[in-house]
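Here's the letter readout for the chains.
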Amino acid sequence: MSIRVILADDHAIIRDGLRSLLTQQKAEVVAEASNGRMAVEMTRQHRPDLVILDVSMPDLNGIEAARQIRADVPSVRIVALSMHSDRRFVAEMLRAGANGYLLKDCAFDELSKAIETILTGQIYLSSRITGVLVEDYMTRLTSDTPHMASDISAREREVLQLLAEGKTTKQVALKLHLSPKTVETHRHNIMRKLKIDNIAELTKYAIREGLTDIRE
């Protein structure tokens, strides 16, 4: 396995373990990121063959990071590695452009197999994830339950995550290089589109849809 890899996870111990295992397989870890925004920037800079991306990260979650990475560096392969098997996380990550989705409790042999599969241009899903998607598909055949509001823009999703994580309007504006007035406009539009009228419900929505998990 001679490939260049970026590791993105907000837990250093997980990055350390993955780096050690990948190095044994002759892969080169060219950069590491502790949040999604760093992962996007490092992918633009290093243009690796593969990004191993945690789904739940602060500042910018893995779903939004995957969307930006896919738009900026279309050739890169993306493996989602997560503790979440909920269909919302899986479906949104795949829609964002991930080439594979594995759970963090998988064996390294499975991760190695997933990487080999993905590098040939195929999609890899662990058996547990496949079951989740089949169940989701069957549910959609018999109900009209919508997934995340499709008219929420990428910028609005970024603002939503930061607000849900407790950032003030000024902090969000500084982080995203926007004016506070623009952030307020985005917040108003998000709440109007989602038919939500307070920050508490907005935060619950962000958690439910996998934009953030509000870690300590």
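Above: the structure in question.
Everything numeric in this text was worked out from a predicted model, so none of it was measured. (Residues numbered from 1 in each chain as written. Predicted model: local features only at pLDDT ≥ 70, side-chain atom pairs only at ≥ 80, totals over all residues. Heavy atoms only, no water.)

*Asks:* Help me understand the nonpolar core in this model?
*Replies:* Side chains of nonpolar character tend, in soluble globular proteins, to be buried together. By size, the foremost hydrophobic cluster in this structure holds 29 residues, and its most contacted members are L53, V55, I78, M93 and Y101. Those elements that place two or more of their residues in this core are β1 (4-8), β2 (28-33), α2 (36-46), β3 (50-54), α3 (62-72), β4 (77-82), α4 (87-96) and β5 (100-103). I152, L160, L163 and I190 belong to the second-largest nonpolar core, a separate cluster that totals 18 residues. (Core = buried A, V, L, I, M, F, W, Y, C linked by side-chain atoms within 4.5 Å. Buried < 20%, exposed > 50% of the residue type's maximum accessible area, 1.4 Å probe, protein only. Helix = DSSP H or I, 4+ residues; strand = E, 2+ residues; numbered from the N terminus.)

*Asks:* Looking at this structure, I do not really get helix α7 (residues 154-164). What am I missing?
*Replies:* For an α-helix, 3.6 residues make a turn, and residues three or four places apart therefore share a direction. Burial within α7 is extensive, with 9 of its 11 residues counted as buried. Where α7 is concerned, the buried positions are E156, R157, E158, V159, L160, Q161, L162, L163 and A164. Along its buried surface, α7 packs onto α2, α3, α8 (169-176), α9 (180-194) and α10 (199-208). At the C-terminal side of α7, G166 shows a positive phi close to 95 degrees. (Contact = heavy atoms within 4.5 Å.)

*Asks:* How do you make sense of the environment of A173 when you look at a structure like this?
*Replies:* Its location among the elements puts A173 in helix α8. On the basis of relative accessibility, which here comes to 4%, the residue A173 falls in the buried class. When residues no more than four places from it in sequence are discounted, the contact partners of A173 are L178, S179, P180 and V183.

*Asks:* In this structure, what is going on with unusual backbone geometry? I would like to understand it.
*Replies:* Of all residues except glycine, most have a negative phi; of all peptide bonds, most are trans. Within the chain, D59 stands out as a residue other than glycine whose phi angle is a positive 75 degrees. Within the secondary structure layout, D59 lies in the loop between β3 and α3.

*Asks:* How do you make sense of the pairing of β2 when you look at a structure like this?
*Replies:* Along any regular strand the residues' side chains alternate between the sheet's two faces. As judged from the 5 bridges shared by β1 and β2, these two strands associate in the parallel manner. For I6, the partnering residue across the bridge sits in β2 and is A31. Following the backbone out of β1, through helix α1 (residues 12-24) and into the adjacent parallel β2, one traces a crossover that is right-handed. (Pairing = 2+ DSSP bridges. Right-handed = clockwise from strand over helix to strand, strands pointing away.)

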